[in-house]
Structure formats: C-alpha cells, structure tokens
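Structure at a glance
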Amino acid sequence: MAEAAQVADRPVSVFGHPVIDCDAHIVVPSIKTIMPYLDAYWRQQFLNRGIDKISWNLTSDPPNAPISGRPDWRPANGKPGTDLGLLRSGALDAFGVTNAIMTCVWGGAALHSEDMAAVVCTAVNDWVTKEWLDKEPRLRASIVVPLNNPELAAEEIERRAGDPRFVQVTMFVAGETPLGKRHNWPIFLAAEKYGMPVGVHAGSLYHHPMMTNGYGSYFLEDYVAQAFAFESATLSLVSEGVFAKFPNLKVVFQESGVTWLPACLWRFNKTWRGVRAEIPWVKKPPKDIVRDHIRLTTQPFDEPDGAGRLERFCEMMDSDRMLLFSTDFPHWHYEGTDALPLDPKSALARRVLFDNALETYPRLAAGNAGETRP
Amino acid sequence: MSKKRHVVAAVDEVPPGSRKHLNLAGREIALFNLGGEFFALGDKCPHESGSLCAGKIVGLAEADTPGHYRLSRDGEFVKCPWHGWEFDIRTGQSWCDPTRTRARAYETAVAAGETLVKGPYVADTYPVRVEENYIVIDV
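Residues numbered from 1 in each chain as written. Chains lettered and ligands numbered in written order. Predicted model: local features only at pLDDT ≥ 70, side-chain atom pairs only at ≥ 80, totals over all residues.

**Some remarks on the overall build of chain B**
Regarding its fold elements, chain B presents one helix and ten strands. Moving toward the C terminus, one meets the helices and strands of chain B in the order β-β-β-β-β-β-β-β-β-α-β. Along the longest, intermediate and shortest principal axes, the C-alpha atoms of chain B span 55 × 30 × 20 Å. The 139 residues of chain B split such that 27% are buried. For chain B, contacts bridging at least 24 residues in sequence account for 47% of all contacts bridging at least 6. (Helix = DSSP H or I, 4+ residues; strand = E, 2+ residues; numbered from the N terminus. Buried ≥ 20, exposed ≤ 12 C-beta atoms within 10 Å, placed from the backbone. Contact = placed C-beta atoms within 7 Å.)

**Considering the overall build of chain A**
Looking only at helices and strands, one finds 15 helices and eight strands in chain A. Over its C-alpha trace chain A gives a radius of gyration of 20 Å, about what one expects of a compact globule, namely 21 Å for 374 residues. When each of the 374 residues of chain A is scored for burial, the buried share is 47%. A separation threshold of at least 6 residues defines the contact pool for chain A, and within that pool the share at least 24 residues apart is 79%. (Rg over C-alpha atoms; globule rule 2.2 N^0.38 Å.)

**What to know about the nonpolar core**
Generally speaking, a soluble globular protein has its nonpolar side chains buried in company with each other. Membership of the largest hydrophobic core comes to 104 residues, with the highest contact counts inside it found for V124(A), V145(A) and I187(A). Setting aside residues up to four positions removed in sequence, V124(A) forms contacts with V28(A), I34(A), C104(A), W106(A), G108(A) and V144(A). Formed by 25 residues, the second largest nonpolar core is a distinct cluster that contains A40(B), W85(B), Y134(B) and I137(B). (Core = buried A, V, L, I, M, F, W, Y, C linked by C-beta atoms within 7 Å.)

**Examining the packing of helix α5 (residues 114-133) of chain A against helix α6 (residues 150-160) of chain A**
All names here are of chain A. Interaxial distance between α5 and α6 falls to 10 Å at its minimum, and their mutual angle equals 20 degrees. By the criterion of interaxial angle, the relationship of α5 to α6 is roughly parallel. Between α5 and α6 lies a crossing of right-handed hand. Taking contact as the criterion, the partners of E114, A118, C121, T122 and N125 in α5 are, on α6, L152, E156 and R160. Split by residue class, the contact of α5 with α6 holds three nonpolar, two polar and three charged. (Axes fitted to C-alpha atoms, helices over the stretch in contact; angles between N-to-C directions. Parallel < 35°, antiparallel > 145°, perpendicular 65-115°, else oblique. Left-handed = near helix turned anticlockwise from the far one by under 90°. Nonpolar A, V, L, I, M, F, W, Y, C, P; charged D, E, K, R; others polar.)

**Structural notes on the environment of H333(A)**
Residues and elements named next belong to chain A. Considering the arrangement of structural elements, one finds H333 in the loop between β8 (323-324) and α14 (347-360). Distance from H333 to R70, taken between C-alpha atoms, is 7.8 Å for residues 263 residues apart in sequence. Setting aside residues up to four positions removed in sequence, H333 forms contacts with Q299, P300 and D328.

**Details of the interface of chain A and chain B**
With eleven residues of chain A in contact, the opposing surface of chain B contributes eleven residues. If you list the elements that add at least two residues to the side of chain A that touches chain B, you get α10 (242-245) and α11 (261-275) of chain A. Top element by residues in the side of chain A that touches chain B is α11(A). It accounts for three residues. Of the residues contributing to the side of chain A that touches chain B, the split by class is five nonpolar, two polar and four charged.

**Some words on the sheet that holds strand β3 (residues 27-34) of chain B**
Within a sheet, adjacent strands bond to each other through the backbone by hydrogen bonds, running parallel or antiparallel. Residues and elements named next belong to chain B. Read from one edge of the open sheet, four strands run β2-β3-β4-β8, paired in antiparallel fashion. The strands lining the two open edges of the sheet, one partner per strand, are β2 (19-24) and β8 (105-106). Bridging between β3 and strand β4 (residues 37-42) involves six bridges; their strand directions are antiparallel. Bridging across to β4, I29 finds its partner in G42. (Pairing = 2+ DSSP bridges.)

**So, the sheet that holds strand β3 (residues 139-144) of chain A**
Residues and elements named next belong to chain A. Strand order in the open sheet made by the eight strands is β1-β2-β3-β4-β5-β6-β7-β8, with parallel pairing throughout. Of all the strands in the sheet, just β1 (20-25) and β8 have a single pairing partner and so form its edges. Pairing between β1 and strand β2 (residues 99-103): four bridges, direction parallel. Residue I20 lies in a different strand from β2, and its bridge partner there is N99.

**Thoughts on the environment of T177(A)**
Residue and element names in this part refer to chain A. Here T177 is to be found in the loop between β4 (166-174) and α7 (185-193). When the 16 C-beta atoms within 10 Å are taken as the criterion, T177 is described as partly exposed. For the pair T177 and A202, spaced 25 residues apart in the sequence, the C-alpha separation amounts to 15 Å. If we skip the residues at most four places from it in the chain, T177 touches H183 and N184.

**Quick notes on the confidence of the model for chain B**
When pLDDT is averaged along chain B, the result is 91; 94% of the residues meet or exceed 70. ipTM for the predicted complex: 0.87, alongside a pTM of 0.92. (pLDDT = per-residue confidence, 0-100.)

**Quick look at the confidence of the model for chain A**
Across chain A, the average pLDDT comes to 93, with 96% of residues at 70 or higher. For the stretch residues 1-6 of chain A, pLDDT sits under 50, and the model shows three contacts to residues farther than four places along the chain or on other chains.

**Re α5(A)**
Residue pairs three or four apart in sequence face the same way in an α-helix, which turns once every 3.6 residues. Residues and elements named next belong to chain A. Its 20 residues give α5 an end-to-end C-alpha distance of 26 Å, which sits within 8% of 28 Å, the value for a rise of 1.5 Å per residue. Residues of α5 that are buried include every one of A117, A118, V119, V120, C121, T122, A123, V124, N125, V128 and L133, and no others. Buried residues in α5 make contact with α2 (31-34), α3 (40-48), β3 and α6. (Expected span 1.5 Å × (residues − 1).)

**What about the packing of α6(A) against α7(A)?**
All names here are of chain A. In the contact formed by α6 and α7, the axes pass within 7 Å of each other and the chain directions differ by 15 degrees. Looking at the two axes, α6 sits roughly parallel to α7. Viewed along their axes, α6 and α7 form a crossing whose handedness is right-handed. Contact with α6, carried on its side by P150, E151, A153, A154, I157 and E158, involves P186, I187, L189, A190 and A191 of α7 and no other residues of that element. For the contact of α6 with α7, a count of residues per class yields nine nonpolar, no polar and two charged.

Structure below.
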C-alpha cells in the first residue's frame with residue numbers, strides 16, 4: 001500500500017513513531033510583511049490610511065501573554081511564531097515531525113470590511129506559500145479566509161486548492177454566527193469538495209463576548225471560556241445539520257482543551273432523544289455524529305488529576321480515531337518535548353501521533369507523494 | 001406462569017386515535033387504536049417509567065437534508081410525557097435507540113362476544129354481551 005511505503009521514509013520522532021503535528025503556528029509579524037503581496041490599489045490605501053502601522057493581533061491571542069510564546073520558542077526580536085529557524089529547531093527537529101500543519105490565527109480574517117479581509121487573506125496565503133512552504137518541505141498550511149464573507153472565503157479556498165500543501169481551512173470557534181449556520185455553508189462546501197478539513201481554532205471575531213451574557217473583565221476569563229465556545233460550536237454544527245449536508249466533511253477543533261467533550265455530548269444525546277423532531281436530519285445520537293466528523297488536537301489537553309485521561313477520553317467516546325497530536329508551537333503549555341499526554345509505547349500513541357492525521361487530512365498523502373506544486 | 005386472555009373493552013369504547021389505560025393482573029398497560037387496529041404497550045417508559053398512555057400521539061418527523069421536513073405515519077408514535085422519547089405504537093420500539101430500548105408490547109385481538117361468552121377468559125369486571133365485539137389481550 002502507498003501509505004505503508006511512505007511510512008518507511010518517515011523520520012522516527014522523539015516518541016518512536018512517525019509524527020504529524022496538527023497544530024503549530026505561523027504569526028504574521030506586521031502588516032508591513034504582507035504589503036508586497038497587495039495590489040497597487042490596496043498598497044496605496046494601506047499607506048494613505050496608516051493601516052501599515054497598525055497590528056491586527058486578535059484580542060484572544062495577545063503576543064506578550066506568557067502562554068503565547070514559550071520562553072525558548074520566543075525569537076530575540078518580534079512575536080513568537082514569526083521565525084522559521086526557531087520553528088525548525090524548536091518543533092520540527094526537536095520532535096522529529098514528518099509534517100507540521102501550520103495555522104495562522106490572525107485578525108485580518110476578522111475584518112469588518114469584507115473586501116479588505118479577502119485581499120489580506122489572499123496576501124497572507126501568498127506570503128505563507130513563499131516564505132514558509134517553499135522554504136521548508138515538512139510544512140503544510142491552513143488557508144486563511146475572510147470569515148465575514150463565506151462566499152469570498154470559498155473563492156480563496158478555490159484559489160489554493162491546486163496546491164496540495166494547503167490541507168485545511170481555518171475558522172475561529174467564535175465567529176459572526178454560530179458555526180453551523182447556513183451562512184457559513186459555502187466554506188464547508190468548498191472544504192469538502194477539496195478534501196480539506198475545517199480547522200476550527202480557539203479564537204473569536206469579538207463581535208460577541210466569549211461568555212454568552214456579556215464581556216468579562218480579564219484575559220483569564222476569555223481564555224478559559226474558549227472551551228464553552230467549542231461546546232457551542234459542537235451543538236451548532238450537529239444541530240444545524242452540517243454533517244448531514246456535507247457527509248464527507250471533517251472538522252478539527254484546535255486548542256479546545258479536549259476533555260470537555262464527553263460530558264457535553266452526554267447531555268446533547270440525552271436531550272436530543274426528547275426533542276429530536278426539531279432536527280430530523282440528525283438521525284443518530286449526536287455523539288455518533290461527532291465521533292465520525294470531529295477531531296481534536298491534543299495541546300492544550302485539560303487534564304484533571306489522575307492517570308490515563310487521554311485513554312479515558314477515547315473510552316468515553318468509544319473511539320481511538322478522534323485525537324490528533326499537536327505541539328501548538330510556539331504556545332507555552334509544557335516544557336521540552338513533553339507534549340504527549342500518553343505513554344508513547346502504547347498502541348494508541350501511534351494512532352494519535354500519525355495514523356489519525358493521515359485519515360483526517362487526505363491531502364497530506366498527495367503532498368508527500370511529491371506533488372508539491374499545482 | 002401461563003398467559004390468560006383478558007377482555008379489556010368493547011371495540012366501540014376505544015375509537016381510532018384514542019387510548020385506554022388498563023390494569024391487567026397487576027400490570028399497567030396502554031391500549032391504542034391506530035385506525036381500527038389495536039396495540040397494547042406496557043404503560044411504562046423503559047427510561048424512567050413515565051406513563052405512555054398519558055403521552056402525546058405524534059407522527060414520524062424525518063429529513064434527509066437540513067430544512068426539508070416531512071411527516072409520515074401520523075398518529076403511530078407516542079411520546080413519553082416525561083422526557084419526550086418516541087415509541088412506535090406498533091412495536092414498542094424506541095425511535096432513538098431501537099435496538100436497546102423498547103416498551104413491552106402485548107398481543108391484542110378482537111373477538112366476537114358470541115365466542116367470548118363460551119370462555120375461557122378473564123372478564124375481570126367486564127360484562128360481555130353476545131352481540132358486540134371486544135378487544136382482548138393475553139397477559
């Protein structure tokens with residue numbers, strides 16, 4: 001089998017199995033970085049309007065917060081996540097990964113101006129191609145799309161589809177509307193068409209508070225509340241029928257914390273039994289649908305005291321197919337290479353580190369077969 | 001314990017679309033008339049024992065795609081009044097969990113009074129007249 005042949009070529013990682021990192025980060029250093037990728041009109045607009053001098057960091061991802069950059073993963077200058085050399089030494093080489101799927105969580109995707117959002121997303125994807133993918137063959141990328149205009153987002157997916165190094169589409173967990181709403185379906189349609197999962201990353205457009213009845217006061221609240229947003233996203237994706245409409249679509253929750261899911265689904269299943277006639281396209285228990293369609297990256301992994309939490313998660317979900325290893329480079333959740341909440345010698349480790357990623361991202365195989373250019 | 005045949009109601013007493021609560025040999029039973037056919041279920045939801053006899057009678061809501069709703073088999077399902085679980089009145093099967101969850105179903109039949117007066121049956125306190133038809137349940 002082709003897959004087996006590829007495996008033979010893989011570097012063996014620090015864990016003794018081949019590894020695919022399903023969530024590591026590229027950060028746009030500044031607007032100036034992407035100016036060369038804009039056309040004449042937008043370049044002039046950015047200069048005349050002073051846009052080149054502002055930062056589009058998301059409130060949910062402040063570069064100076066300790067969690068945003070592990071001390072040894074912070075470059076001497078600039079934001080964590082902007083330095084390819086550090087990514088190579090700190091993550092790709094340190095773990096021995098075969099591929100790292102990079103995600104760019106960036107405010108440009110959240111702009112209210114739909115046209116400006118679309119052009120800056122195109123610019124970032126061009127920049128990622130030239131400055132990251134072309135320079136480092138282990139990297140794969142997620143497509144940054146204008147989240148306030150799903151039609152334009154779908155156009156950007158079409159534009160990247162010919163390059164197999166783009167393997168995923170990035171959305172934020174707390175967008176303009178609940179994630180499963182039909183408004184967002186053009187993105188799901190295009191992603192499914194090209195065999196790309198939608199990577200739903202922690203983060204918000206801040207059109208709504210992270211806590212449902214108002215804005216909190218502190219970063220702490222905002223950070224912890226991301227998990228609630230993932231619960232809402234799970235409810236919305238299943239209830240709105242996204243997986244009934246797009247039966248081949250996979251959604252990858254990135255930086256969700258993971259272990260909130262079984263309890264959420266217990267209540268979802270229970271309540272569904274009583275009111276399922278509201279959503280008759282949901283023909284089996286929500287947990288079964290989630291098991292088929294949703295995947296979760298493993299860092300950060302919310303792990304209350306006790307052993308075997310990851311194994312317990314798989315047991316509660318009746319599945320060893322849902323978890324995807326991530327380093328979450330350059331974010332600070334652990335030290336050294338202590339990123340796997342699991343015994344690397346267990347049979348489950350091989351699935352979490354490698355096999356599950358190959359099953360989730362069909363475009364990885366095409367990219368690794370040498371078809372690296374359109 | 002061998003089953004006994006119980007005469008539970010005259011046919012005219014449970015018209016189509018209606019239901020009747022019974023207590024037969026200590027068992028609570030919900031009797032339903034679906035368009036002239038009679039079905040009897042244990043009057044005890046397998047979830048938390050709510051009375052199915054007190055539930056709403058509904059049809060089967062279905063959809064293959066979001067937004068495209070259809071209703072079929074109207075009147076053939078009962079929703080437990082406590083948590084809304086749906087049961088197929090014909091079989092007692094739960095719609096949400098058909099393999100593991102079902103309400104006990106009892107055999108029913110319609111018998112002419114003429115045959116019933118010959119026995120053997122348990123009429124309980126039910127008076128049987130030769131000229132009428134009766135619903136009987138084996139419990």
